[in-house]
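Chain residues, written in single-letter form:
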Amino acid sequence: MALLSEGEIGQLVLAAEKEIESASTPEELSTLKIKYVGRSGILTLALRGLKDISPEDRPKVGQALNSAKVSLEEKIDARTSELEAAARKTARGFFDHTLPGTPYFLGHPHPLVQVNREIVRIFNFMGFETATGPEIETDYYNFEALNFPKDHPARDMWDTFYLQDSELLLRTHTSPVQARVFEKRKPPIKILAPGRVYRHEAINARSYYTFLQIEGFYVDADVSFADLKGVLHAFVSAFYGDVKTRFRPSFFPFTEPSAEMDISCTICGGKGCSVCKYEGWLEILGCGMIHPQVFRNVGYDPEVWRGYAFGLGVDRIAMQKYRIDDIRLFYENDLRFLEQF
Ligand code: PHE
């Protein structure tokens, strides 16, 4: 490094100051910083060369170099923060109206609500009106009116949640709506009663302590089991398309005869898979002809009126439709699950 006189140092500083002033970005300033005061910068090298100049000149030149270095460094830093502040200010003050807006989360009906609505809509088309009943029910409507005498073993078909110190319980099925409607109205009646029911059952992938049911019933002078099969067939082909149905004899105290209806597995088409447990069939509802004793309990003459009833499980149907293997997913309300529907 050539030795610098005091005058040359002054000129160097002036030139550097001009450059600093005309720099318009922090990047340019950092290049200047390297050029003058960096590890191999002009002033740094000049300071290193001090040892080579005469001892008399050394203190003066040394002092001049040092203060030049300090002052240039300060000026570069000051100008850098000035430019950065200005950049921040424009960024804040500038409104780009072409940018997309802040996304707003739009909710949608829960998958069970969607399936419930779809089923109700199909039955409405077939002339069923909608009725509802309370979820906190009396022992009378949940059991007794439906021909479950007190202490009848059929009550064990459902493990019931009883409300402490009262005759009240959480309804175990939507069938009590039958008795409530019969008491208020005279046939012919064709009703659909969707709603939540509760059972004191162990929770696992296939059963939960609560689920949705849809009760349907039709009472008129001339209603037969064939009508029941016809309406259920119509529902199944509207909802699933091309599937087979089969009826298996069953037992409910409030229907006689009673049956359960299966549909051919919607996943494997009846060949057998893990969803239908290799049986080729899936159970979707219980049904039957309304028991004469139920009619007597509500003041209908069983010699005059006939009726059918069915109760389908919405959760199970939704599980089959969306191929969900764990009912608990419907109730955990994890958005990652719900957002898929
Ligand atoms: N209530 C019955 C149940 O929960 C289903 C059913 C309804 C059966 C109507 C027959 C008639 O299992």
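**Observations concerning the nonpolar core**
- Formed by 48 residues in total, the largest nonpolar core has its most connected members in I119, Y308, F310 and F330.
- With seven residues, the top contributor of residues to this core is helix 8 (residues 225-240).

**Focus on the packing of aromatic side chains**
- Taken as a whole and assessed by the stated rule, the structure comprises 22 aromatic pairs.
- Relative to F295, the ring of F182 has its centre 5.9 Å away and its plane inclined at 65°; by these criteria the two rings are edge-to-face. Pair noted here: F182 is in helix 7 (residues 176-184) and F295 is in helix 9 (residues 292-298), with a separation of 113 residues, a long-range link.
- With relative accessibility at 1%, the residue F295 sits in the buried group.
- Members of the aromatic cluster, connected to one another through ring pairs, are F123, F128, Y218, F235, F239, Y240, Y308 and F310.
- Positioned over the ring face of Y141 is R180, at 4.2 Å from the centre of the ring.
- Geometry around Y218 places K190 over its ring, the cationic atom sitting 5.1 Å from the centre.

**So, the domain arrangement of the chain**
- Structurally, the chain comprises domain 1 (6-92) and domain 2 (111-338).
- One C-alpha centre belongs to domain 1, the other to domain 2; they are set 87 Å apart.

**A word on the site of the ligand**
- Around the ligand, a shell composed of 14 residues is seen, among which H173, S175, R199, Q213 and G311 lie nearest.
- H173 has a polar side-chain atom sitting 3.0 Å from a nitrogen atom of the ligand.
- A distance of 2.8 Å separates an oxygen atom of the ligand from a polar side-chain atom of R199.
- Here the ligand, which alone exposes 330 Å², has 94% of that area covered by the protein.
- If you map the ligand onto the pockets, it falls in the largest pocket.

**What to know about the packing of helix 5 (residues 111-125) against helix 10 (residues 314-322)**
- In the contact formed by helix 5 and helix 10, the axes pass within 9 Å of each other and the chain directions differ by 105°. Between helix 5 and helix 10, the angle is such that the two are roughly perpendicular. Residues P111, L112, Q114, V115, N116, E118 and I119 of helix 5 form the contact with helix 10, whose participating residues are V314, D315, I317, A318, K321 and Y322.
- Classifying every residue of the contact of helix 5 with helix 10 by side-chain character gives eight nonpolar, two polar and three charged.

**Re the environment of F123**
- With respect to the helices, strands and loops of the structure, F123 is situated in helix 5.
- Those residues in contact with F123 that lie beyond four places of it in its chain are F128, L192, V231, F235 and F310.

**Remarks on helix 1 (residues 6-22)**
- Relative to the 24 Å expected for 17 residues at 1.5 Å per residue, helix 1 spans 25 Å between its end C-alpha atoms, a close match to the ideal helical length.
- Here helix 1 has its buried residues at I9, L12, V13, A16, E17 and I20. Buried positions in helix 1, seen along its axis, are confined to an arc of 135° and lie on one side of it. Exposed residues on helix 1 whose side chains face more than 90 degrees from its buried face are Q11, L14, K18, E21 and S22.
- In this structure, the buried side of helix 1 is in contact with helix 2 (26-37), helix 3 (42-48) and helix 4 (58-93).

**Observations regarding helix 5**
- Between its terminal C-alpha atoms helix 5 stretches 22 Å, which fits the 21 Å expected from 15 residues at 1.5 Å a residue.
- Residues of helix 5 that are buried include every one of P111, L112, V115, N116, I119, V120, I122 and F123, and no others. With its buried residues spanning 165° around the axis, helix 5 presents them on a single face. In helix 5, the exposed residues that point more than 90 degrees away from the buried face are R117 and F125.
- Of the residues trailing helix 5, G127 is marked for its positive phi of about 95°.

What counts and how
Residues numbered from 1 in each chain as written. Predicted model: local features only at pLDDT ≥ 70, side-chain atom pairs only at ≥ 80, totals over all residues. Heavy atoms only, no water. Core = buried A, V, L, I, M, F, W, Y, C linked by side-chain atoms within 4.5 Å. Buried < 20%, exposed > 50% of the residue type's maximum accessible area, 1.4 Å probe, protein only. Helix = DSSP H or I, 4+ residues; strand = E, 2+ residues; numbered from the N terminus. Phe/Tyr/Trp six-rings, centres within 6.5 Å; stacked < 30°, edge-to-face > 60°. Lys NZ or Arg CZ within 6 Å of the ring centre and 35° of its normal. Domains from an automatic or database assignment. Near = heavy atom within 4 Å. Polar contact = N/O pair within 3.5 Å; in protein donor to acceptor, adjacent residues only side chain to side chain. Areas by Shrake-Rupley, 256 points an atom, 1.4 Å probe, with all protein chains shown as cover. 1 Å grid on protein atoms, 1.4 Å probe; cavity = no way out; pocket = protein on both sides within 12 Å on 5 of 7 lines; lining within 4 Å. Sits in = over half its atoms within 2 Å of the grid points. Axes fitted to C-alpha atoms, helices over the stretch in contact; angles between N-to-C directions. Parallel < 35°, antiparallel > 145°, perpendicular 65-115°, else oblique. Contact = heavy atoms within 4.5 Å. Nonpolar A, V, L, I, M, F, W, Y, C, P; charged D, E, K, R; others polar. Expected span 1.5 Å × (residues − 1). Arc of directions from axis to C-beta.

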